[in-house]
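# Breakdown of the fold
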Amino acid sequence: MTAVSTAVAGAAAVCAGGAGWLLAGHERGARRAGLLFARGAGAPPWERWPSRARGWALRLGGQWWCLPPAVLLAVAGESVLPLIGGALAVPLVGRRLRARGLRKARELRAEGVVALCGAAAGELRAGLQPVPALLAAAGATGGLGGAEASVLAAARFGGDVSGALREAAREPGADGLVGLAACWRVAVDGGAGLAAGLDRLEAALRAEKDQREGLRAQLAGAWSTVVVLALLPVVGLLMGWALGADPLRVLLHTPAGLGCLVVGGLLEGVGLWWAARVVRTGEAA
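Bear in mind that the values here come from a model prediction, so they are computed numbers and not experimental data.

## Focus: the overall build of the protein
- Of the regular secondary structure elements, the protein holds 12 helices and 0 strands.
- Along the protein, helices (α) and strands (β) appear in the sequence α-α-α-α-α-α-α-α-α-α-α-α when read from the amino end.
- The buried share of the protein, reckoned over its 285 residues, is 31%.
- Surface accessibility of the protein: about 16,400 Å² in total, with carbon and sulfur atoms responsible for 67%.

Laid out in structure tokens, this is it:
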């Protein structure tokens, strides 16, 4: 029975590690899985199935990785409490993953604005007028996002381009379009050089991006500490099984164990929340 419990605990740890891997945001691995899934059509069946399974898992959503370890722990501990905990964790993890996806979308949007400014400045130096330069840069970079149609319509038909750019800047991550609108307004009203203004705007946006990336690199160690703290209870359970004990039986079927489980879970949750809050405060600063 101890060997079976150890095997179940090891499988639960693997599932929990997979959930943490997805929650930590390994976009490169997700893209690689998607490419493997797409290229698997011409491969033998024994080579296609692993990539397909991984693609299905990524499409299903990382929050559902909370359920397999909960089911395994419920079977090993003969209790429904792990199932309840896994079900409660699904919406919380899903919310975290959605927030991460929105942040990634904002970053991609900001990168598109920087590329738009650089491309427009290059087109202006190549001899194009402001409107054709903006049309060419927007088509090449997609930096206008969902507001591309309205901005390009204003540029083609003599509308208020700067006003359309300010409206587009309301989208998440598109704050740099406010500077582009100001440069456009100055160039149209005062006859100032638009290319020079776009160069300065691009340099400022790139400097801000580099600052964010540098801060994120400095905080990577703090986030690693948060992940390690989250996995310490799993390590403690595995050590208990390795020593020949049955920690799930104690935690789930004795009054003292239930009390320790509740108090430990609360302390773990508060500790993770506080550590994540400290790191996010550093990111916001």
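## Section: the environment of Val 227
- The residue Val 227 is located in helix H10 (residues 194-242) in this model.
- With relative accessibility at 44%, the residue Val 227 sits in the partly exposed group.
- With 45 residues separating them in the primary sequence, Val 227 and Leu 272 have C-alpha atoms 8.7 Å apart.

## Quick word on the packing of helix H4 (residues 67-77) against helix H5 (residues 81-125)
- Where H4 contacts H5, the axes come no closer than 8 Å and their chain directions differ by 170 degrees. When the interaxial angle is binned, H4 and H5 end up roughly antiparallel. Across the interface between the two elements, Leu 67, Ala 70, Val 71, Leu 73 and Ala 74 from H4 touch Pro 82, Leu 83, Gly 86, Ala 87 and Val 90 from H5.
- Each residue belonging to the contact of H4 with H5 can be placed in one class, and the counts come to 9 nonpolar, 1 polar and no charged.

## A closer look at the confidence of the model for the protein
- The pLDDT averaged across the protein works out to 77; a share of 76% of its residues lies at or above 70.
- The least confident element of the protein, judged by mean pLDDT, is helix H2 (residues 27-39) at 43; the most confident is helix H8 (residues 161-168) at 88.
- Low pLDDT (under 50) marks residues 1-10, which in the prediction has 8 contacts with non-local residues, meaning those over four places away or in another chain.
- A low-confidence stretch, residues 21-43 (pLDDT under 50), is modelled with 29 contacts involving residues beyond four sequence positions or located in other chains.

## Some thoughts on the packing of aromatic side chains
- Summed over all chains, the structure comprises 1 aromatic pair.
- Their ring planes at 50 degrees and their centres at 6.0 Å tell us that Trp 273 and Trp 274 sit as a pair that is tilted.
- For Trp 273, a relative accessible area of 52% gives the class exposed.

## Comments concerning H10
- Over its 49 residues, H10 runs 69 Å from end to end, which matches the ideal 72 Å to within 8%, given 1.5 Å per residue.
- Along H10, the residues classified as buried are Leu 194, Ala 195, Gly 197, Leu 198, Leu 201, Glu 202, Leu 205, Leu 219, Val 226, Gly 240 and Trp 241.
- In the segment just after H10, Gly 244 is the residue with positive phi, at about 90 degrees.

## With respect to helix H7 (residues 148-156)
- All of the buried residues in H7 are Val 151, Leu 152, Ala 154 and Ala 155. Take H7 and look down its axis: the buried residues cluster within an arc of 155 degrees, on one side only. Exposed and oriented more than 90 degrees from the buried face of H7 are Ala 149 and Arg 156.
- Buried residues in H7 make contact with helix H6 (130-141) and H8.
- Gly 158 sits one or two residues past H7 and shows a positive phi near 75 degrees.

## So, the side chain of Glu 202
- Within the element layout of this structure, Glu 202 appears in helix H10.
- On the basis of relative accessibility, which here comes to 16%, the residue Glu 202 falls in the buried class.
- Apart from the residues within four sequence positions on either side, Glu 202 is in contact with Val 114, Cys 117 and Gly 118.

## Focus: the state of the cysteines
- Summed over all chains, the structure comprises 0 disulfides.
- The thiol of Cys 117 is not disulfide-bonded; the next cysteine sulfur, from Cys 183, is found 7.5 Å away.

Thresholds, definitions, all that
Residues numbered from 1 in each chain as written. Predicted model: local features only at pLDDT ≥ 70, side-chain atom pairs only at ≥ 80, totals over all residues. Heavy atoms only, no water. Helix = DSSP H or I, 4+ residues; strand = E, 2+ residues; numbered from the N terminus. Buried < 20%, exposed > 50% of the residue type's maximum accessible area, 1.4 Å probe, protein only. Areas by Shrake-Rupley, 256 points an atom, 1.4 Å probe, with all protein chains shown as cover. Axes fitted to C-alpha atoms, helices over the stretch in contact; angles between N-to-C directions. Parallel < 35°, antiparallel > 145°, perpendicular 65-115°, else oblique. Contact = heavy atoms within 4.5 Å. Nonpolar A, V, L, I, M, F, W, Y, C, P; charged D, E, K, R; others polar. pLDDT = per-residue confidence, 0-100. Phe/Tyr/Trp six-rings, centres within 6.5 Å; stacked < 30°, edge-to-face > 60°. Expected span 1.5 Å × (residues − 1). Arc of directions from axis to C-beta. Disulfide = S-S within 2.5 Å.

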